[in-house]
Amino acid sequence: MSQADLQGRYAAVMMNAFGAPKRVFARGEGVHLWDEDGNRYTDLLSGLAVTALGHAHPGVTAAIAGQLGSLGHVSNFFASEPQVRLAERLAALTGDPGARVFFTNSGTEANEAAFKLTRLTGRTKVIAMEGSFHGRTMGALALTANPKYREPFEPLPGEVVFVPFGDEAALSEAADDRTAAILIETVQGENGVVPVPDGFLKAARGIADGVGALLWIDEVQTGLGRCGEFLAHTADGVAADLITLAKGLGNGFPVGACIATGRAADLLQPGQHGTTFGGNPVAAAAGNAVLDALEAGALDNAREVGAWLAAAIEGLGHPLIESVRGGACCWASC
């Protein structure tokens, strides 16, 4: 069936949340996509930072198919070995032997879980950054700064205060003994790929400690190799109390995670949060396959190709390119 026919069928049955689709894709392989009319494209969007290992990655494909053929779903009243193994590996990335993991289906759900955890501190105030984006569900939206996303759905949950991204003085002034958490992205993707200024994460760690608040790092886009590290904030020598992950964790299979360390690890108790599909055996198998690939050399490749791409773009000398910004492999021209 032609692309035009499928676009018409889409318009007839889908809610108009995304507008008309630009293309209808039929298959993918590596960095390439093919549409229904047989045209090939180089995929630089990666499903919005999801397919970091490329389409139809053999390791991820085999892991998903193999797991689905043996055990697909059991609910979180029970456990499975792939789930436990993935949680162990993600917790180990923090360097904290007491770290704990809550699995979700997406980044916005990971941020919802973290938001609920902050309430369990007994405080309600969260400090987020201007220019931030943390998701579309009501809690995550309350943490997102952009008025065009927020205003149609206000009033939103929570006592959220926004300060300028990278402004240590403003952050210090906003933080007090009512602050539950300080929330930061290491690179603001939605805001135009804006890296965190040098020293700001360390300053935020000190400010959070000074008022007894949690430091929450949103790594939904930047984690798992996209900026050359398993966790981008570790390059700054900073330890976070809450870390949220998703997108690249399943390379296309829906899976996210909220990781808590230190005192935050013990906040969530039975009955206070839940999920039907989060961390099911198939999602966990996908996550383990992604970590396998990163450990086998994809992480090194991300650093090398990211540096090459940034240098190549700068080397064009094009008058419309002012600079290249990002972190390792999450570069963008501007």
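Note that the structure is a prediction, hence the values are computed from the model and not measured.

Visitor: Can you walk me through the overall build of the protein in this structure?
Guide: Looking only at helices and strands, the protein has 10 helices and 14 strands in total. On C-alpha atoms alone, the protein measures out to a radius of gyration of 20 Å, which is about the 20 Å that the 2.2 N^0.38 rule sets for 334 residues. Its C-alpha atoms give the protein principal-axis dimensions of roughly 60 × 55 × 45 Å. The burial tally for the protein puts 45% of its 334 residues in the buried class. Put simply, the protein shows about 16,100 Å² of open surface, and 56% of that area lies on carbon and sulfur atoms. Charge centroids of the protein, computed over 23 positive and 36 negative side chains, lie 4 Å from each other.

Visitor: What am I meant to see in the environment of His-233 here?
Guide: Relative to the elements of secondary structure, His-233 occurs in the loop between strand S10 (214–218) and strand S11 (242–245). As a C-alpha pair, His-233 and Lys-202 span 31 residues in sequence and 9.7 Å in three-dimensional space. Contacts of His-233, omitting those with residues within four sequence positions, involve Thr-186, Leu-201, Ile-217, Glu-219, Val-238, Ala-240 and Ile-243. At a separation of 2.7 Å, a polar atom in the side chain of His-233 contacts the side chain of Glu-219.

Visitor: Got a minute to help me understand the pattern of salt bridges in this structure?
Guide: Opposite charge on two side chains permits them to pair, given that their charged atoms come into close proximity. Under the criterion given, the structure shown has 11 salt bridges. Here Asp-292 makes a salt bridge to Arg-89, at a shortest N to O gap of 2.8 Å. On the criterion of sequence distance, the pair formed by Asp-292 in helix H10 (residues 281–315) and Arg-89 in helix H4 (residues 81–92) is long-range, its members being 203 residues apart. Residue Asp-292 is classed as partly exposed on the basis of its relative accessible area, which comes to 40%. Note on Arg-89: relative accessible area 18%, which makes it buried. Residue Glu-229 is joined to Arg-303 by a salt bridge in which the shortest nitrogen-to-oxygen separation is 3.8 Å. Of the two residues, Glu-229 sits in the loop between S10 and S11 while Arg-303 sits in helix H10, which places them 74 residues apart along the sequence. A relative accessible area of 27% places Glu-229 in the partly exposed class.

Visitor: Is there a simple way to explain the packing of H4 against H10 in this structure?
Guide: How two helices sit against one another is set out by the angle between their axes and by the gap between those axes. The contact between H4 and H10 brings their axes to 8 Å, and the two run at 40 degrees. Comparing their axes, H10 and H4 come out oblique. When the axes of H4 and H10 are compared, the crossing they make is left-handed. Contact residues: H4 offers Pro-82, Gln-83, Arg-85, Leu-86, Arg-89 and Leu-90, while H10 offers Pro-281, Ala-284, Ala-285, Gly-287, Asn-288, Leu-291, Asp-292 and Glu-295. Of the residues assigned to the contact of H4 with H10, the class counts are 7 nonpolar, 3 polar and 4 charged.

Visitor: When you look at helix H3 (residues 58–68) in this model, what are you seeing that I'm missing?
Guide: The set of residues buried in H3 consists of Val-60, Ile-64 and Gln-67. On an axial view of H3, the arc spanned by its buried residues comes to 75 degrees, and they lie on one face. On the buried face of H3, the contacting elements are H4 and H10.

Visitor: Where do I start with the side chain of Ser-132 in this structure?
Guide: Tracing the chain through its elements places Ser-132 in the loop between strand S5 (125–129) and helix H6 (138–142). Engagement of the side chain of Ser-132 in a polar contact is seen with the backbone oxygen of Met-129, the distance being 2.8 Å. Contact partners of Ser-132, with chain neighbours within four places excluded, come to Leu-143, Thr-144, Ala-145, Asn-146, Phe-162, Glu-185 and Gln-188.

Visitor: I would appreciate a short explanation of the environment of Ile-64 in the present structure.
Guide: When you line up the elements, Ile-64 lands in helix H3. Non-local contacts of Ile-64, meaning those with residues more than four positions away in its chain, are made with Phe-253, Val-282 and Ala-286.

Visitor: Can you walk me through the packing of aromatic side chains in this structure?
Guide: Each aromatic ring pair is described using two quantities: the centre-to-centre distance and the angle formed by the ring planes. Scanning the entire structure with this criterion turns up 3 aromatic pairs. Between Phe-25 and Tyr-41, the ring centres sit 5.6 Å apart and the planes meet at 85 degrees, which makes this aromatic pair edge-to-face. Here the residue Phe-25 occupies a position in strand S1 (residues 25–29), and Tyr-41 occupies one in strand S3 (residues 40–42), the gap between them amounting to 16 residues. Given a relative accessible area of 40%, Phe-25 falls into the partly exposed group. Directly above the ring of Tyr-149 sits Arg-136, whose terminal nitrogen or CZ lies 4.2 Å from the centroid.

Visitor: I'm lost on the sheet that holds S3 in this one. Help?
Guide: Within a beta sheet, neighbouring strands are joined by backbone hydrogen bonds and run either parallel or antiparallel to one another. Spatially, 3 strands are ordered S1-S2-S3 in an open sheet, and the strand pairing comes out antiparallel. Sheet topology places S1 and S3 at the edges, where each strand pairs with a single neighbour. Strand-to-strand twist in this sheet, taken as the mean axis angle between neighbours without regard to direction, amounts to 25 degrees. Of the strand pairs in this sheet, S1 and strand S2 (residues 32–35) are connected by 4 bridges, and their pairing is antiparallel. Across the sheet, Arg-27 pairs through a bridge with Trp-34, a residue of S2.

Procedures and definitions
Residues numbered from 1 in each chain as written. Predicted model: local features only at pLDDT ≥ 70, side-chain atom pairs only at ≥ 80, totals over all residues. Heavy atoms only, no water. Helix = DSSP H or I, 4+ residues; strand = E, 2+ residues; numbered from the N terminus. Rg over C-alpha atoms; globule rule 2.2 N^0.38 Å. Buried < 20%, exposed > 50% of the residue type's maximum accessible area, 1.4 Å probe, protein only. Areas by Shrake-Rupley, 256 points an atom, 1.4 Å probe, with all protein chains shown as cover. Lys, Arg positive; Asp, Glu negative; His and termini not counted. Charge placed at Lys NZ, Arg CZ, Asp CG, Glu CD. Contact = heavy atoms within 4.5 Å. Polar contact = N/O pair within 3.5 Å; in protein donor to acceptor, adjacent residues only side chain to side chain. Salt bridge = Lys/Arg side-chain N within 4 Å of Asp/Glu carboxyl O. Axes fitted to C-alpha atoms, helices over the stretch in contact; angles between N-to-C directions. Parallel < 35°, antiparallel > 145°, perpendicular 65-115°, else oblique. Left-handed = near helix turned anticlockwise from the far one by under 90°. Nonpolar A, V, L, I, M, F, W, Y, C, P; charged D, E, K, R; others polar. Arc of directions from axis to C-beta. Phe/Tyr/Trp six-rings, centres within 6.5 Å; stacked < 30°, edge-to-face > 60°. Lys NZ or Arg CZ within 6 Å of the ring centre and 35° of its normal. Pairing = 2+ DSSP bridges.

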